[in-house]
Amino acid sequence: MRSYFFAFFFFITIVSLAQNKAYNLQFKVDGWKDTTVYLGHYYSESTYLRDTARINGQGEFFFDGKKTLDRGVYFLVLNKVKMFEFVVGQDKDFKLETNSANYVKDMKVTGDIDNQLFFANWRTSMALQEEADPFTKILKDSTTAADKRNAAREQVNKIREKLLVQQRDIISKHPTTTSAILFKSSQEVVVPDPPKLPNGKTDSTFQLRWYRAHFFDNFNLADDALIRMPQPVYSQKLNEYLDKLYIPQADTLIKAIDKLVSVAKKNQETYKYTVFTLMRKFQEPEIMGLDAVYVDIYDKYVATGEMDFWMNDSHKKNVKEYAERLRTSLIGKVGANLVMQDLNLQPKSLHAMKNRFTILFIYDPDCGHCKKETPKLVSFFEQNKTKYDVGVYAVCLDSSLVKMKKYITEMKLGGFTNVNGPRTYTKPYNQLYDAVTTPSMFILDENKKIIGKKFPTENLENFFANYVKYHPASAPKPGGGTKPKGS
């Protein structure tokens, strides 16, 4: 009776311990023994190690823990090499058995439909790849006749369709599995033909509007499993949507982003990731003026405290400082006034410049890049100062007037308004303009509104020609000078 009691007690204890574990992943890999293996997972562009296990002499090992594993694609690492992938879905207590000679073909899954589907698809993919190889070789051979290449391409498409059929079947029958989520995320939406308008003409904007509305039909922005995939599909999807379906204009992109975030916000992890990804995207945009998007994201999701659940005080402070620096010099904003001393120690005001256009040029006399760009600016200025009625307010960042004077002489900056940055009557230039690198350039109109910034000096001619073309009311008179307001 006593033995029975202790046996029963032991059984209850084991069951209790198992129930307290959030995950229990068991493995057996023939060919592995007496070494350490690591459990890793993807997170967008990065990979992370989550757990460690010791392999016994029979190739058996397990990972378990009280903190749950988030859904996504995981992998095993042995001797610093990624061995094979598997998925973690709703079931977190399962067993995978295989052989080191062929991990995928020999894989046996117990206790998890998700991995059964995952490896079944993988095996099908491998078989179809072998079937397609002869046709792929034909396509890679540029000397093959066109008709044979077309026939080979048709065969490859048919073979690819076999895999898609299997994946669509998995998506239909097991929609909540990680495997289905992975497969569905790569399924393209088919844009229908545009309808006819009442006047008989084709609706030319229909397909774009439809594609915007249905772009994420196969991709749930509120599903954090999509962040843990072998490819950074989540960030790729965000970038594709914004880059291909919208013009690169700040107000337009801000409206589109608001819609994306409203969906991602349903899940704290996707909310965090979406905001982080978009802030990184627009932190240093390639297209002028899109830094306004970064400032808008900061105002809505960081300054309001929305991101406090993952941003610490230090991170928030850095983001705030960066956003505020961008804010001071956004396209369309009136540039802050700078009042600095010239070589004669006389104050010179940026806002006192009376030209139609003013180029604010910030340089360091010891900067190699500045020495390459400055002559280009001088050349543009000499050729176009009258044509466009442009002046240059040149700020030297070195406190040495000797260095400043030498630079002005050597670079022939006599036609500029030359001032010394450290000798300022206003706040430091870098608190008023986003100019952390040298040289930095900003273009201001007659009202000192910023109309251009941070582009190569050789593009100045093209910029001014286009600006004057599309702003005829403010175009300079022949021979220089600005048209009176209201003329």
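Right above here is the structure, for reference.
Reference entry: report on the structure contained in this document.

Cut-offs and rules
Residues numbered from 1 in each chain as written. Predicted model: local features only at pLDDT ≥ 70, side-chain atom pairs only at ≥ 80, totals over all residues. Heavy atoms only, no water. Helix = DSSP H or I, 4+ residues; strand = E, 2+ residues; numbered from the N terminus. Rg over C-alpha atoms; globule rule 2.2 N^0.38 Å. Buried < 20%, exposed > 50% of the residue type's maximum accessible area, 1.4 Å probe, protein only. Pairing = 2+ DSSP bridges. Axes fitted to C-alpha atoms, helices over the stretch in contact; angles between N-to-C directions. Contact = heavy atoms within 4.5 Å. Salt bridge = Lys/Arg side-chain N within 4 Å of Asp/Glu carboxyl O.

What follows covers the overall build of the protein chain. Regarding its fold elements, the protein chain presents 14 helices and 15 strands. Here the protein chain has a C-alpha radius of gyration of 32 Å; the compact-globule value for 487 residues is 23 Å, and the former is much larger. The principal-axis extents of the C-alpha atoms in the protein chain amount to approximately 105 × 70 × 50 Å. In the protein chain, which comprises 487 residues, the share counted as buried stands at 43%.

Quick look at the pairing of strand β1 (residues 23–30) now. On β1, burial follows the alternation: Tyr-23, Leu-25, Phe-27 and Val-29 on one face are buried, whereas Asn-24, Gln-26, Lys-28 and Asp-30 on the facing-out side are not. As judged from the 6 bridges shared by β1 and strand β4 (residues 60–65), these two strands associate in the antiparallel manner. Bridge pairing in β4 links Leu-25 to Phe-63.

It is worth spelling out unusual backbone geometry at this point. Cis geometry is adopted by the peptide bond preceding Pro-439, which originates at Thr-438 and carries an omega value of -5 degrees. Of note, the phi angle at Asp-34 is positive, near 50 degrees, even though the residue is not glycine. For Asp-34, the position within the fold is in the loop between β1 and β2 (35–43). A relative accessible area of 47% means that Asp-34 is categorised as partly exposed. Non-glycine residue Lys-448 carries a positive phi angle of around 65 degrees. For Lys-448, the location among the structural elements is in the loop between β14 (440–444) and β15 (450–453).

What follows deals with the sheet that holds β4. Strand order in the open sheet formed by 4 strands is β4-β1-β7-β8, with mixed pairing between adjacent strands. Two strands close off the open sheet at either side, each with one partner strand: β4 and β8 (108–110). Pairwise comparison of adjacent strand axes, ignoring direction, gives a mean angle of 15 degrees for this sheet.

Taken together, the 7 strands give an open sheet; going across it, the order is β10-β9-β13-β12-β11-β14-β15, and neighbouring strands pair in mixed fashion. Two strands in the sheet have a free side with no partner beyond their single neighbour: β10 (347–349) and β15. Ignoring which end each strand starts from, the neighbouring axes of this sheet average 35 degrees apart. The pairing of strand β9 (residues 339–341) with β10 spans 3 bridges and is antiparallel. Paired with Val-339 across the strands is Ser-349, a residue of β10. Together, β11 (357–363), β12 (390–396) and β13 (417–424) form the strand contacts of helix α12 (residues 401–411), whose direction differs from that of β13 by roughly 160 degrees.

Evaluation of the coordinates by the stated rule reveals 31 salt bridges. Residues Asp-224 and Arg-228 are paired through a salt bridge, measuring 2.6 Å at the closest nitrogen-oxygen approach. Accessibility expressed as a relative area gives 12% for Asp-224, which makes it buried. The partner of Lys-300 in a salt bridge is Asp-296, with the nearest N and O atoms 3.0 Å apart. Highlighted residues: Lys-300 and Asp-296, both in helix α9 (residues 291–301), separated by 4 residues, approximately one helical turn. By relative accessible area, Asp-296 is classed as buried at 19%. Within the structure, one salt-bridge network assembled from shared partners comprises Asp-70, Asp-224 and Arg-228.

It is worth spelling out the environment of Lys-105 at this point. Checked against the element boundaries, Lys-105 lands in the loop between β7 (93–99) and β8. Judged by its relative accessible area of 47%, Lys-105 falls in the partly exposed class. Spatially, the C-alpha atoms of Lys-105 and Tyr-23 are 25 Å apart, while their sequence positions differ by 82 residues. Dropping the residues within four chain positions of it, Lys-105 is found in contact with Arg-123, Met-126 and Glu-130.

Along the chain, Ser-100 falls in the loop between β7 and β8. Between the C-alpha atoms of Ser-100 and Asp-30, which are 70 residues apart in sequence, the distance is 5.9 Å. Residues in contact with Ser-100, not counting those within four places in the same chain, are Val-29, Asp-30, Gly-31 and Trp-32.

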